[in-house]
Amino acid sequence: MLRTTVAVAAGKAARVASRLRGGGSALPGLVVERVDPRFLAHALSGLPRGIVVVTGTNGKTTTTKMLVAILREHGLRVFTNPTGSNFTRGVISSMLGQIPLSGRLRADMAVLELDEAHALRFAAQVRPTHSLLLNVARDQLDRFAEIDATAQLLARLSEQTTRGVVLNIDDSFISRGRVRIAEGVDVRYFGVDPSIADRLPELQEADVRFEDDFATPEPGAGDGLLKPRDERSFEVLFGEGDSVGPLELKQRGLAAMINATAATTTARLLLDGEFSEADTVRALRQVQPPFGRGEVIDAGGQPLELVLVKNPAGFTVALGTYGSTPVTSMVAINDNYADGRDVSWLYDVSFESLRDRGVAMTSGVRAYDMALRLRYDDVEVEAIEPDLGRALDRFISEHPDEPKRIFCTYTAMMTLRRDLAARYGLANFGEESQ
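Residues numbered from 1 in each chain as written. Predicted model: local features only at pLDDT ≥ 70, side-chain atom pairs only at ≥ 80, totals over all residues. Heavy atoms only, no water.

Peer 1: Describe the environment of Ser 233, and please don't skip the residues or the numbers.
Peer 2: If you trace the backbone, Ser 233 turns up in strand 8 (residues 233-237). Ser 233 sits in the buried class, given a relative accessible area of 10%. The spacing of Ser 233 and Leu 249 is 16 residues in sequence and 7.8 Å in space, taken between C-alpha atoms. Setting aside chain neighbours within four positions, we find Ser 233 in contact with Pro 228, Pro 246, Leu 247, Glu 248 and Met 257. (Helix = DSSP H or I, 4+ residues; strand = E, 2+ residues; numbered from the N terminus. Buried < 20%, exposed > 50% of the residue type's maximum accessible area, 1.4 Å probe, protein only. Contact = heavy atoms within 4.5 Å.)

Written out as structure tokens, the structure reads:
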């Protein structure tokens, strides 16, 4: 189609211009959408192994990266959107580096991380063959409003999926969506072994519906359950005598283990008889944390850890996972569209674990709001600097001999990570292998 060829050419030109100017990853996709609104349907048609959508409130980027690593270790050519731009135009932007002017993607399968709302917009153009639904939590209240609204978005996505859906058995907002899935679509679950069920409240929202007779499904032979051996080692159980592991991840924490369980369960569904435990373990052991999700950077001889936070459940888990070791901390909070305008969720997080050492600096658009929030929990703040660049300069120079950690919302993390990439010669967003 001539329109598709023109769209690809215009998008590639916009991609080059955007990179030269240090612009965002979604602009080239916007250009393509304007020229050819049906571009996605054309580009993704005919992929022999299908199209997988990974969505949910927390863990999308990490789980997508893990699933892609497993599939590639099995020899599949997998297209994904590794930049974290999880709107439809971000998916298109990710394609432009490897798609020919014909506009037809050359891959066995696509595994796409998509924002909860944009997953439905994507499905309106291209119905996914498989969906992985991770969890539902209060997030970006200005966009998603009540938590039930987000759950409805994900349930509607499962209705649009044609071959297989993987659901979080421990999140009733997700698992109760089973009734919405079409007849003949394969359904699998992932979750945690009953022996660690007491640790779930720290990871998810409570379902406060009343007079509801919903019962959690019983896991079957194809469903994956996380069984930790200790704080670093775990295995994924698939019924009597069938398991994957033990293994350790480069990323710390129970949430990362659950993400690996979701990815492993989905890979077994996708690969069926081709699934290899050895390939899966090897792939997961090698996965590096995605940008800003517990990524550790060598900053002048000292480790600097970037930790993305964006809602009460995620920040609580981050404080429990990353807040136990003595480091110097900074908190950077923005309220841009991609972060969520409403930051009242900060008052649903307990910051008591930061009391002993305090916080060296708060930064971002809401630097003063964050400092006030910390004061309510008796956490001392040494300095407040709204400008992220100046804050990073001070944070590094004033604490040269100390390990450091920055808790940051999405757009703050993007800005800080670009600055750190320029300082220390790191790969920047969009430069990971696809």
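Peer 1: Explain the sheet that holds strand 6 (residues 186-192) to me, using residue names and the numbers behind them.
Peer 2: In space, the nine strands of this open sheet follow the order 2-3-1-4-5-6-7-8-9, with mixed pairing throughout. Because the sheet does not close on itself, it has two edges, and the strands there are strand 2 (78-80) and strand 9 (243-248). Going across the sheet, the axis of each strand differs from the next one's by a mean of 15°, ignoring polarity. Here strand 6 pairs with strand 7 (residues 224-228) via three bridges, running parallel. Its bridge partner lying in strand 7, Val 192 is registered against Leu 226. (Pairing = 2+ DSSP bridges. Axes fitted to C-alpha atoms, helices over the stretch in contact; angles between N-to-C directions.)

Peer 1: Kindly report on the sheet that holds strand 13 (residues 359-363), identifying the contributing residues and their values.
Peer 2: The sheet built from six strands is open, its strands ordered 10-11-15-12-13-14 with mixed pairing. The two strands at the open ends of the sheet, each matched to only one other strand, are strand 10 (293-299) and strand 14 (381-385). Between one strand axis and the next, the sheet turns by 20° as a mean value, whatever way the strands run. Here strand 13 pairs with strand 14 via four bridges, running parallel. For Ser 363, the partnering residue across the bridge sits in strand 14 and is Glu 385. Helix-sheet contacts for helix 15 (residues 410-424) involve strand 10, strand 11 (302-308), strand 12 (328-332) and strand 15 (404-408), and the interaxial angle to strand 10 is about 30°.

Peer 1: Tell me about helix 6 (residues 116-125), and please be specific about residues and values.
Peer 2: Counting buried positions over the ten residues of helix 6 gives seven, a clear majority of the element. Buried within helix 6 are the following residues: Glu 116, Ala 117, His 118, Ala 119, Leu 120, Phe 122 and Ala 123.

Peer 1: Summarise the pattern of salt bridges; cite the residues concerned and give the values.
Peer 2: Proximity of charged atoms lets side chains of opposite charge pair with each other. Across all of its chains, the model carries 17 salt bridges by this definition. The salt bridge partner of Arg 188 is Asp 186, with a shortest N-O separation of 3.2 Å. On the basis of relative accessible area, Arg 188 is assigned to the buried category, the value being 18%. For Asp 369, the salt bridge is made with Arg 366, and the minimal N-O distance between the two is 3.4 Å. (Salt bridge = Lys/Arg side-chain N within 4 Å of Asp/Glu carboxyl O.)

Peer 1: Explain the packing of helix 4 (residues 60-73) against helix 11 (residues 277-286) residue by residue, including any values.
Peer 2: Direction vectors running N to C along helix 4 and helix 11 enclose 135°, while the axes themselves pass 8 Å from each other. With respect to helix 11, the axis of helix 4 lies oblique. Every pair of crossing elements has a handedness; the one defined by helix 4 and helix 11 is right-handed. Every residue of helix 11 that contacts helix 4 at Met 66, Ala 69, Ile 70 and Glu 73 is listed here: Asp 279, Thr 280, Arg 282, Ala 283, Leu 284 and Gln 286. Taken together, the residues of the contact of helix 4 with helix 11 sort by class into five nonpolar, two polar and three charged. (Parallel < 35°, antiparallel > 145°, perpendicular 65-115°, else oblique. Left-handed = near helix turned anticlockwise from the far one by under 90°. Nonpolar A, V, L, I, M, F, W, Y, C, P; charged D, E, K, R; others polar.)

Peer 1: Would you mind going over the pairing of strand 1 (residues 51-55) in detail, with residue names and values included?
Peer 2: Most of strand 1 is tucked away, with five of its five residues classed as buried. Taking every second residue as pointing to the same face, both faces of strand 1 are buried, with Ile 51, Val 53 and Thr 55 on one and Val 52 and Val 54 on the other. Both strand 1 and strand 3 (residues 109-113) contribute to a ladder of four bridges, which runs parallel. Across the sheet, residue Val 54 finds its bridge partner in strand 3, namely Glu 113. Pairing of strand 1 with strand 4 (residues 130-133) involves four bridges; the strand directions are parallel. Within strand 4, the position partnered with Val 53 by the bridge is Ser 131.

So far we have only geometry, and geometry alone does not tell us how the molecule works.
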